[in-house]
Each structure stands twice: as C-alpha cells, then as structure tokens.
Amino acid sequence: VIVTGLATLMSVPFGLFTAIYLAEYGHGTKLAKAIQAMVDVMTGIPSIVAGLFAYAMFELIFGPGTRSGIAGAVALTVLMTPVVVRSSEEMLRLVPNELREASYALGVPKWKTIVKVVLPTAIAGIITGVVLAIARVIGETAPLLVTAGLAQGVNWNPFDGRMTTLPVFTYYQYVQPGVPPSNGQDRAWAAALVLIIIVMVLFTLARILAHVLKP
C-alpha cells in the first residue's frame, strides 16, 4: 500500500497535467506529437525494464546495492503514468466543445474553463482511469524484486532499507515455502487473496466517487 500510494502520488498529477496539455493545448504541435509517441512507447515497455531503470537511477545516486520502497515506487510510476495519460486524455476529449465555447463566451479564461467545466465533467472517467492504472501495477513483481527487494521484517519507511511488497511476498512464499511447504503455499494464496480484495475495494471506491462527483 505504501509503495503503490507513493507511485500514485507521483504519477497521477504528472499524468493528468500531461493529458490536459495534450487535449487542451497541444492540438497537433510537434511537442504534443512527441509526447504522444513517448506515451505509446512507455505503455508497451516490459515491467522489468521499468524496474531496471529505477534501480540504475538509484544506484547512480545513492551507490551500489541500494534497495528501498521509494525506488519501487519510481518503477511503478514509470508503468502507471502512460495509463493515466491515455485514459485521462480520452476522457477530456469526450467533453463536448459546446461546454467550452459557452464558458469562453461568458469571458471565462481557458485555465478556469478547464478547472471549472472540463475536469468536473470528465472526473468520473478520470477516476476510473486512475484506478485502472493502480490495478495495473499493484500486482507487479519483477520491478519490485529489483528495486524494493526482500526484507526480513516489516519496514514502514520507504526511504530507508528494503521493503517486502505483497507480490514479492507471494512469489517467495511459493518458490521458498519452507518446511512443511503447505504453510508457505497457504501464505502465498492468502497474500494473493489480499491483493484481489484491495483491487476490489479500489474499484468499489472508484464507482462510488464517480457517482458522487458526476455533474
């Protein structure tokens, strides 16, 4: 939850601002086309590549062998951001132009039109896209094996030391179940069930928020 939460805090604002630029300001400019091409490439990269990128970056900054929760969050951010950008951009483009034109006709600046008209109209779809992005990364194992590692105990500080995430815990309980192996396998299934429950709770909250915030 800590690692995924940090990834969400980093990827959602960046992805949303990028989507706003592409949908409201870019309109065929060279920069917008370059950003769209980069987002398309990032959408298809394997998760292990994102993990190796984060690992290499933190190793260059903090030295060899660095493992931490924040490094895992950076790896997940690389995977989440293109999903947030794509889903948010599509939702913003679905907002009827008549709403924008009516706002402009009343003398409202463009930035305020986006904040007061466009975003509230598209907020339900944006929230759903964010939850889809979280669900996309919450079960990732490969990048977190490389960046966050495996801790012997519970570490609540993502900036200091290794952190064992649920997907990594599930993996190790399955490949190294201990003696008797049935206990480790039971823990692996339990961790997988917890991940599914978390995703179900997230989708339920997203549906509730979308219904409440829908204009």
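Residues numbered from 1 in each chain as written. Predicted model: local features only at pLDDT ≥ 70, side-chain atom pairs only at ≥ 80, totals over all residues. Heavy atoms only, no water.

Student: Describe in detail the pattern of salt bridges, supporting the description with residues and values.
Tutor: Considering all chains together, one arrives at 5 salt bridges under this definition. The residue Glu 89 makes a salt bridge to Arg 93 at a minimum N-O spacing of 2.9 Å. One end of the pair is Glu 89 and the other is Arg 93, both in helix α4 (residues 69–93) and 4 residues apart, which spans about a single turn. Taking the shortest distance from any N to any O, the salt bridge between Glu 140 and Arg 136 comes out at 2.7 Å. (Salt bridge = Lys/Arg side-chain N within 4 Å of Asp/Glu carboxyl O. Helix = DSSP H or I, 4+ residues; strand = E, 2+ residues; numbered from the N terminus.)

Student: So what's going on with the nonpolar core? Residues and values would help.
Tutor: In terms of nonpolar packing, the biggest core is built from 34 residues, with Val 3, Ala 73, Leu 76, Met 80, Leu 92, Leu 119 and Ile 126 touching the most fellow members. At 11 residues, α4 tops the list of elements feeding residues into this core. Residues contacting Leu 119, with those up to four places away along its chain left out, are Leu 16, Ile 20, Leu 92, Ile 114 and Ile 126. (Core = buried A, V, L, I, M, F, W, Y, C linked by side-chain atoms within 4.5 Å. Buried < 20%, exposed > 50% of the residue type's maximum accessible area, 1.4 Å probe, protein only. Contact = heavy atoms within 4.5 Å.)

Student: Tell me about the side chain of Thr 66, and please be specific about residues and values.
Tutor: Its place among the elements puts Thr 66 in the loop between α3 (47–62) and α4. Judged by relative accessible area, Thr 66 falls into the buried class, the value being 17%. Here the side chain of Thr 66 touches Gly 63 through a polar contact of 2.7 Å, landing on its backbone oxygen. With residues up to four places along the chain from it excluded, the contact list for Thr 66 reads Tyr 55, Phe 58 and Thr 147. (Polar contact = N/O pair within 3.5 Å; in protein donor to acceptor, adjacent residues only side chain to side chain.)

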